[in-house]
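Structural overview for review
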Amino acid sequence: MTNSPNDAGRSNDWEPCRSGELRDLASRLRSSRRMGSNLLKLAAVVLIGAMIGTGVFLYQNRSPGGITCQQCSQYLASHGTSEAFHQLDADVRQSIVKHVADCPDCHEHFQHRLDKLIGRIQSGIAEMVAFAESLWR
Ligand SMILES: [Zn+2]
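Residues numbered from 1 in each chain as written. Predicted model: local features only at pLDDT ≥ 70, side-chain atom pairs only at ≥ 80, totals over all residues.

The next thing to look at is the overall build of the protein chain. Of regular secondary structure, the protein chain possesses five helices and zero strands. Seen in sequence order, the protein chain has helices and strands lined up from the N terminus as α-α-α-α-α. Going through the 137 residues of the protein chain one by one, you find that 6% of them count as buried. Nonlocal contacts in the protein chain, meaning residues at least 24 apart in sequence, comprise 53% of its contacts between residues at least 6 apart. (Helix = DSSP H or I, 4+ residues; strand = E, 2+ residues; numbered from the N terminus. Buried ≥ 20, exposed ≤ 12 C-beta atoms within 10 Å, placed from the backbone. Contact = placed C-beta atoms within 7 Å.)

Here's what the structure looks like:
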């Protein structure tokens, strides 16, 4: 025996609804829909909170050592030699060191400059060695 609607008239499985059964069913469906809507609102609040938290985290990470990339760059432009750097206040020096260590952009920038400097020193030493060897042959 099947229970498809077409068989409803012939089937003995169908029973009349009790009084208020459709109203109760509609009420449960509305309640379920409200709960789904509230879950969506809660998910939106959680998502917005996570986005704000991520934004604050990223903003704070833009100032490692308590200074911005621009401040770090300005300090190193005006105090780029070892002697000048050590004339800076100890807290400022520590902020610069921490910034360069923790800021990916500045770290990459100064690593690139350091690599270029090391390359120039190495080629300078190679030239000096070649010159010295040419003198003592
Ligand atoms: Zn930076």
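Because the α-helix completes a turn every 3.6 residues, residues three or four places apart line up on one side. Between its first and last C-alpha, helix α5 (residues 104-135) extends 46 Å over 32 residues, near the 46 Å set by a 1.5 Å rise per residue. A small share of α5 lies buried, amounting to one of its 32 residues. (Expected span 1.5 Å × (residues − 1).)

Let us now look at the confidence of the model for the protein chain. Close inspection of predicted coordinates is inappropriate for parts of the model with low pLDDT. Confidence in the prediction of the protein chain, expressed as mean pLDDT, is 86, and 88% of residues score 70 or more. Mean pLDDT per element in the protein chain: helix α1 (residues 21-61) is the minimum at 83, and helix α4 (residues 90-102) is the maximum at 95. (pLDDT = per-residue confidence, 0-100.)

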